[in-house]
Amino acid sequence: MCGIVGYIGNKKASPILINGLLRLEYRGYDSAGIATIEENEISVMKNQGRVNSLYELEGINDLKGTIGIAHTRWATHGKPSKENSHPHQDNSNSFAVVHNGIIENYNELREFLTEKGYNFLSNTDTEVIPNLIHYYFNKDENNDENRILRAVKSACSDLIGSYAIEILSKYNKNNMIVVRKDSPLVIGKGNGENYISSDIPAILSYTKDFYLLDDNEIVKLSRNKVMFYDENLKEIQKPVKSIEWGASSAEKGEYADFMLKEIYEQPKAIRETIGAKLDNGIIEIQGLSLDREYIKSLNKIYIIACGTAMHAGLVAKTIFEKLCKIPVEVDIASEFRYRNPLIDENTLSIYITQSGETADTIAALKLAKSKKSKTIAISNVIGSSITREADYSIYTHAGPEIAVASTKAYTSQVILLAILGMYFAQKLGKTDKEIISNLKKDILQLPNQIEEVLKSSDKVKQFAKKVYKEKDMFFLGRGVDYAVSMEGSLKLKEISYIHSESYAAGELKHGPIALIENNITVIITMTNSKLVEKSISNVQEVITRGAKVLAITSEEIKNNGFEEIIKIPKTNPLISPVLSVIPMQILAYYISKEKGLDVDKPRNLAKSVTVE
Ligand code: M6R
């Protein structure tokens with residue numbers, strides 16, 4: 001949830017570190033700090049607040065060090081404050097550490113270190129790390145060049161939990177050490193310099209060559225060399241991976257916010273995700289090879305994810321069940337992992353995660369693997385943690401998604417899942433060929449149709465101006481329109497702070513209708529001609545009770561009391577969320593803007609949830 005940056009080279013480190021933190025701010029933004037080595041001493045500067053608050057610190061521009069570590073925090077242990085911000089140091093100020101993750105046994109370690117005479121200045125779990133390193137460093141009588149490395153290794157073997165850690169030591173101003181376990185960290189390879197970051201986009205403007213770290217690997221960086229070690233300090237080799245994303249894909253460009261840019265990038269994201277998969281008669285998905293016998297043997301498919309990704313999974317349930325006639329269960333990763341799910345080797349499990357770093361989703365995958373389920377990860381980030389755990393990894397090609405509120409990742413996930421459903425159906429041979437070929441045609445039209453929907457954004461913006469001061473809203477729908485309503489409701493909550501609920505339209509009268517009062521806003525989605533009349537009846541029940549209703553529909557409907565109707569193009573109802581979600585994303589965006597909120601970095605949230 002926090003963001004980490006590091007630099008070692010010949011340039012002044014502090015501007016590079018702060019620039020990297022600004023790009024990682026979506027991962028956490030309640031405090032920030034940097035540490036560099038200035039004339040053999042570690043200099044730490046930190047502040048509560050956004051990364052820009054570092055510029056308020058006296059002397060920040062005078063830092064000359066060419067090696068440094070940096071951190072932007074999303075508080076877990078210890079409230080946001082200067083004392084709790086990173087970097088943290090040991091009592092002798094010999095080591096400085098930044099950390100992303102959670103040290104679960106920090107209380108025990110704190111007690112142990114207190115007994116050994118160490119003091120603690122913060123309430124964080126992290127502060128045990130520099131002190132443990134110091135403890136092991138002092139115990140080691142062998143004063144060779146790997147003494148710090150050994151101290152880090154010993155400290156890490158005491159840690160329980162998740163961590164990506166950067167370590168700076170005044171005893172060696174030409175090296176930096178980093179280590180990761182269950183938290184993201186990449187190394188960017190430059191010329192005579194090296195970079196470290198929690199994710200690739202933050203340092204894309206410096207390099208396109210990366211080393212991706214696996215769990216428990218320890219790395220010693222110098223200006224010209226990167227050395228990798230396993231957990232027993234045995235040296236290992238790692239390949240460099242060149243990333244195709246352009247630096248501009250992580251910039252806002254002409255847009256006011258990343259979220260708006262990402263909403264408008266959806267036609268491109270869908271085109272790239274479809275790629276060449278539908279070009280031939282046989283659907284092929286790179287990275288996936290499941291044979292017919294295996295798919296026939298399946299008794300169930302589980303789809304596991306969190307938040308928006310889980311909502312994409314709900315759409316996929318309808319698609320898979322319709323095309324493949326295999327029962328599908330969709331579960332929230334944090335629930336699935338603790339409920340002893342019924343899984344065996346005849347259960348396929350699919351994990352959807354934009355970042356590929358969501359702790360609960362990764363843990364759920366590991367659990368299913370231990371029960372012999374085959375696992376497929378769907379991620380937007382090549383080489384992300386989940387893709388290194390799954391049996392098969394397939395990718396959305398949405399490009400970097402920076403705004404905390406997910407938009408283009410959702411629509412790309414829905415499309416990739418639809419193609420996956422068609423892949424299974426084709427292998428099973430149960431579904432009419434015409435159904436598959438019509439669905440293919442409909443999918444191929446979606447990018448142009450999204451462009452059409454984006455043209456109605458002014459109408460949605462005007463509606464946002466009318467309703468932005470409200471306290472509650474409802475999102476209704478039936479079938480996949482209900483699934484997409486959940487996504488619309490989540491979008492509104494997270495960036496506008498308006499309370500909202502989504503309900504299956506037919507369920508309203510079983511309780512929640514009691515909440516409908518004069519002038520309340522209701523958003524109803526209707527994209528299925530077989531269900532539209534039913535939905536219209538349900539919506540009349542709320543119009544009669546004074547609700548202001550915005551209808552998002554591809555159907556020809558009469559205006560029987562709707563406040564506004566947003567017409568979207570007609571497509572196969574199975575994939576209609578890719579179109580119907582767009583007005584909901586735009587509505588949430590403009591409501592947030594009207595309220596003067598930070599659209600890209602909503603309060604209390606972080607983009608990548610790498611803790612449980
Ligand atoms: O990276 P992931 O797709 O695993 O993230 C899952 C959720 O944290 C994420 O979708 C979250 O709900 C978004 N902020 C929603 O906009």
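Scroll up to find the structure.
Residues numbered from 1 in each chain as written. Predicted model: local features only at pLDDT ≥ 70, side-chain atom pairs only at ≥ 80, totals over all residues. Heavy atoms only, no water.

1. Considerations on the pairing of strand 12 (residues 217-221)
Threshold: The buried label goes to any residue with under 20% of its type's maximum accessible area, the exposed label to any with over 50%, and the partly exposed label to all in between, with areas taken from a 1.4 Å probe on protein chains only. Elements are defined by DSSP. Helices are runs of H or I of four residues or more, strands are runs of E of two residues or more, and each kind is numbered from the N terminus. Pairing between strands is defined by DSSP: at least two bridges between the two strands are required.
Judged by how many residues are buried, strand 12 sits mostly within the fold: five of five residues are covered. With five bridges joining them, strand 8 (residues 172-181) and strand 12 adopt antiparallel strand pairing. Looking at strand 12, one finds that Arg 180 is bridged to Glu 217. Sheet analysis places strand 12 next to strand 13 (residues 226-229), joined by four bridges and oriented antiparallel. Counterpart to Leu 221 in the pairing with strand 13 is Val 226. Between strand 12 and strand 13, which follow one another and run antiparallel, lie four residues.

2. Focus: the environment of Leu 54
The test is simple: Contacts between residues were defined by any pair of non-hydrogen atoms, one from each residue, lying within 4.5 Å.
Tracing the backbone through its elements, the reader meets Leu 54 in the loop between strand 3 (41-48) and strand 4 (67-73). Classification of Leu 54 as buried rests on a relative accessible area of 0%. When the C-alpha positions of Leu 54 and Gly 33 are compared, they lie 7.0 Å apart, and in sequence the two are 21 residues distant. Non-local contacts of Leu 54, meaning those with residues more than four positions away in its chain, are made with Ile 18, Leu 21, Ala 32, Gly 33, Ile 34, Met 45, Lys 46, Asn 47 and Ile 60.

3. Let's talk about the pattern of salt bridges
A side chain of one charge can pair with a side chain of the opposite charge if their charged atoms are brought near each other. Definition in use: Any carboxyl oxygen of Asp or Glu that lies within 4 Å of a side-chain nitrogen of Lys or Arg is treated as forming a salt bridge with it.
Summed over all chains, the structure comprises 32 salt bridges. With a shortest N-O distance of 2.6 Å, Lys 548 and Glu 470 are connected by a salt bridge. Residue Lys 548 is found in strand 24 (residues 548-553), and its partner Glu 470 is found in the loop between helix 13 (457-467) and strand 21 (472-477); the two are separated by 78 residues along the sequence. The buried category is assigned to Lys 548, whose relative accessible area is 10%. What makes Glu 470 buried here is its relative accessible area of 16%. Here Lys 491 ties to Glu 487 by a salt bridge, and the two come within 2.7 Å at their closest N and O atoms. Taken together, the positions of Lys 491 and Glu 487, both in helix 14 (residues 480-496) and four residues apart, correspond to about one turn of that helix. For the pair Lys 491 and Glu 487, one class covers both residues: buried. Salt bridges linked by common partners bring Lys 181, Asp 182, Lys 366 and Glu 389 together as one network.

4. Remarks on the sheet that holds strand 12
Definition in use: Inter-axis angles, ranging from 0 to 180 degrees, are taken between N-to-C directions of lines fitted to C-alpha atoms, where helices are fitted over the stretch in contact.
Strand order across the open sheet formed by seven strands is 5-6-7-8-12-13-14, with antiparallel pairing between neighbours. Strands with a single pairing partner mark the edges of an open sheet, and in this sheet they are strand 5 (88-89) and strand 14 (235-236). Pairing of strand 13 with strand 14 involves two bridges; the strand directions are antiparallel. Paired with Tyr 229 across the two strands is Glu 235, which belongs to strand 14. Each of strand 5, strand 6 (95-103) and strand 7 (161-169) is contacted by helix 3 (residues 128-139), which is oriented at about 125° to strand 6, the strand it contacts most. Strands in contact with helix 4 (residues 147-158) are strand 6, strand 7, strand 8, strand 12 and strand 13; relative to strand 8, the strand with the most contacts, it is inclined by about 25°.

5. Observations regarding the site of the ligand
What counts here: The criterion for a residue being near a molecule or strand is simple. One of its heavy atoms has to lie within 4 Å of it. Pairs of N or O atoms within 3.5 Å make up the polar contacts considered here, provided that, within protein, one atom can donate a hydrogen while the other can accept it, and that residues adjacent in sequence are counted only when both atoms are side-chain atoms. We get accessible surface area from the Shrake-Rupley algorithm with a probe of 1.4 Å; when it comes to residues, only the shown protein chains can shield them. For each structure, a 1 Å grid was placed over the protein atoms alone; sets of points admitting a 1.4 Å probe that cannot get out are labelled cavities, open sets with protein on both sides within 12 Å along at least five of seven lines are labelled pockets, and lining residues have an atom within 4 Å of a point. A molecule is said to be in a cavity or pocket once over half of its atoms fall within 2 Å of that pocket's grid points. Each residue gets one label: Ala, Val, Leu, Ile, Met, Phe, Trp, Tyr, Cys and Pro are nonpolar, Asp, Glu, Lys and Arg are charged, and the others, such as Gly, are polar.
Around the ligand, 15 residues are found, and the nearest of them are Thr 353, Gln 354, Ser 355, Thr 358 and Glu 494. Lys 491 places a polar side-chain atom, nitrogen or oxygen, 2.8 Å from an oxygen atom of the ligand. Here the ligand, which alone exposes 410 Å², has 90% of that area covered by the protein. Of all the cavities here, the one that holds the ligand is the largest pocket. Elements that contribute at least two residues to the shell around the ligand include exactly helix 8 (307-324) and helix 14. Each residue belonging to the shell around the ligand can be placed in one class, and the counts come to six nonpolar, seven polar and two charged.

6. Quick look at the environment of Ser 162
You can see Ser 162 is positioned in strand 7. Considering only alpha carbons, one finds Ser 162 and Leu 444, 282 residues apart in sequence, at a separation of 42 Å. In this view, Ser 162 contacts His 99, Asn 100, Gly 101, Ile 102, Ile 103, Lys 181, Asp 182, Ser 183 and Thr 610; residues no more than four positions away in its chain are not counted.

7. Overview of the sheet that holds strand 23 (residues 521-526)
Pairing is parallel across the open sheet formed by five strands, whose spatial order is 22-21-23-24-25. The strands lining the two open edges of the sheet, one partner per strand, are strand 22 (499-504) and strand 25 (564-567). Strand-to-strand twist of the sheet, defined as the mean angle between neighbouring strand axes without regard to direction, takes the value 15°. Two elements, strand 21 and strand 23, share four bridges in a ladder whose sense is parallel. Opposite Leu 476, over in strand 23, you have Ile 524 as the bridge partner. Relative to the sheet, helix 13 contacts strand 21, strand 23, strand 24 and strand 25, its axis offset from that of strand 25 by approximately 150°. Taken strand by strand, helix 15 (residues 532-543) contacts strand 23 and strand 24, and its axis lies near 175° from that of strand 23.

8. A closer look at unusual backbone geometry
The omega torsion across His 86 and Pro 87 is -5°, close enough to zero to call that bond cis. Relative to the helices and strands, Pro 87 is located in the loop between strand 4 and strand 5. Residue Asn 93 is not a glycine yet carries a positive backbone phi of 55°. One can find Asn 93 in the loop between strand 5 and strand 6. Phi is positive for Asp 182, which is not a glycine, with a value near 60°.

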